[in-house]
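Each chain is listed here by its residues.
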Amino acid sequence: MNVITVASRKGGAGKTTLCAHLAALARSQGHKCQIIDGDPQGSLTLCNRLRAGAALPLATAERGIDRALALAQVAGAEWVFVDTSPTMWVVVQEAIRAATLVLIPARPGFLDLDAVRETVKTARERNKPYAVVLNACPVKRDEREAPAVAQSRAYLDREGVPVFAGQISHRAAFNFTLAAGASAGEAEPNSLAAAEITKLWSAVEKSIAAINAAYADAAATAGLTQGRAA
Ligand SMILES: Nc1ncnc2c1ncn2[C@@H]1O[C@H](COP(=O)(O)OP(=O)(O)OP(=O)(O)O)[C@@H](O)[C@H]1O
Ligand SMILES: [Mg+2]
């Protein structure tokens, strides 16, 4: 079971938006998905309620992340997407500890990038793979990133923080599709918004494959998988 925790100390960075779009996209590709709303604000719960008949299995973290994840495991979820609150409360810490990969949305700009530090520190302390996703970026012109995006990427590179190679632009579709009970990929599959979220999802899938392969190698090196191999 792969756990994608979307976390950032900064309010309004795009945690719920990315979580909702990624989970819906993964599900539309046939993956068995579970979403966990770890934020008492309940924004992901609201997005899911608006999906009516197409709602994803949802749990809250009211009784802890571990319990919600255990239930997801029993239900046979392949992918779990955890939305978190803009805090470093214990539920967020637990969600990061339980993650296979931590996605950290950040809008371009120094205030938002500075706020990334705390989440990065927590992921590093827990030895968790993580990557920043530059979100709500000015759209590219002639395939070129806006200066604010390029500068933000350069800053994160200097700080040794992994960043998703693409960008999620500021597009109304990321908002109104969720309000209408769908994701960009479902409502407007040929849109630029759908293309961006699909690219992010592909990067997530590749990262997870690499992370799981590295764990398998490490386990084999330690002799942990000998019994299974034999
Ligand atoms: N790429 C985007 N394009 C357009 N609007 C966006 C984008 N990302 C987020 N938004 C909008 O910005 C606002 C904040 O986004 P969202 O609620 O996803 O952030 P959040 O990090 O979950 O916030 P919180 O910290 O309060 O939980 C919402 O109104 C959302 O629709
Ligand atoms: Mg949110």
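It should be noted that the structure appears before, not after, this text.
Presented here is a report on the structure given in the accompanying data block. Note that the structure is predicted; figures quoted are calculated from it, not measured.

Of the regular secondary structure elements, the protein chain holds 10 helices and six strands. Against the 2.2 N^0.38 benchmark of 17 Å for 230 residues, the protein chain shows a C-alpha radius of gyration of 17 Å, consistent with a compact globule. Seen along its three principal axes, the alpha-carbon backbone of the protein chain occupies a region of about 55 × 45 × 35 Å. Looking at the protein chain as a whole, 49% of its 230 residues are labelled buried. The contacts of the protein chain with a sequence gap of at least 6 include a subset with a gap of at least 24, amounting to 77%. In the protein chain, 25 positive and 21 negative side-chain charges are present, and the distance between their average locations comes to 1 Å.

To continue, consider the sheet that holds strand 4 (residues 79-84). Strand order across the open sheet formed by six strands is 3-2-4-1-5-6, with parallel pairing between neighbours. Each having just a single partner strand, strand 3 (58-60) and strand 6 (130-134) make up the two edges of the open sheet. Taking each pair of neighbouring strands and ignoring which way they run, the sheet shows an average axis angle of 20°. Of the strand pairs in this sheet, strand 1 (residues 2-6) and strand 5 (residues 101-106) are connected by three bridges, and their pairing is parallel. Among the inter-strand pairings, I4 is bridged to a residue of strand 5, identified as L101.

Here strand 6 lies mainly inside the structure; five of its five residues are buried. Neither face of strand 6 is open: one carries Y130, V132 and L134, the other A131 and V133, and all of them are buried. Here five bridges tie strand 5 to strand 6, and the two strands are oriented parallel to one another. In the sheet register, V102 faces strand 6, and the bridge partner there is Y130. Remark: the strand 5/helix 5 (residues 110-125)/strand 6 crossover connection has right-handed handedness.

Turning our eyes to something else, we now look at the environment of M88. Considering the arrangement of structural elements, one finds M88 in the loop between strand 4 and helix 4 (90-97). On the basis of relative accessible area, M88 is assigned to the buried category, the value being 16%. As a C-alpha pair, M88 and R107 span 19 residues in sequence and 19 Å in three-dimensional space. Beyond its immediate chain neighbours, meaning those up to four positions away, M88 contacts R9, Q93, E118, T119 and T122.

Next up on the list: the nonpolar core. I4, W79, F81, I197, L200, W201 and V204 are the most contacted members of the largest nonpolar core, which totals 32 residues. Going through the elements one at a time, strand 1, helix 1 (15-28), strand 2 (33-38), helix 2 (43-50), strand 4, strand 5, helix 7 (172-179) and helix 9 (192-221) are the ones with two or more residues in this core. Membership of the second largest hydrophobic core comes to 20 residues, among which are V92, V120, A123 and L134.

Time to look at the packing of helix 1 against helix 9. The geometry of helix 1 relative to helix 9 is characterised by a closest axis approach of 10 Å and an angle of 75° between their N-to-C directions. Classified by the angle their axes make, helix 1 and helix 9 are roughly perpendicular. Contact with helix 1, carried on its side by L18, H21, L22, L25 and A26, involves I197, T198, L200 and W201 of helix 9 and no other residues of that element. Here the contact of helix 1 with helix 9 is composed, by residue class, of seven nonpolar, two polar and no charged.

Conventions we followed
Residues numbered from 1 in each chain as written. Chains lettered and ligands numbered in written order. Predicted model: local features only at pLDDT ≥ 70, side-chain atom pairs only at ≥ 80, totals over all residues. Heavy atoms only, no water. Helix = DSSP H or I, 4+ residues; strand = E, 2+ residues; numbered from the N terminus. Rg over C-alpha atoms; globule rule 2.2 N^0.38 Å. Buried < 20%, exposed > 50% of the residue type's maximum accessible area, 1.4 Å probe, protein only. Contact = heavy atoms within 4.5 Å. Lys, Arg positive; Asp, Glu negative; His and termini not counted. Charge placed at Lys NZ, Arg CZ, Asp CG, Glu CD. Pairing = 2+ DSSP bridges. Axes fitted to C-alpha atoms, helices over the stretch in contact; angles between N-to-C directions. Right-handed = clockwise from strand over helix to strand, strands pointing away. Core = buried A, V, L, I, M, F, W, Y, C linked by side-chain atoms within 4.5 Å. Parallel < 35°, antiparallel > 145°, perpendicular 65-115°, else oblique. Nonpolar A, V, L, I, M, F, W, Y, C, P; charged D, E, K, R; others polar.

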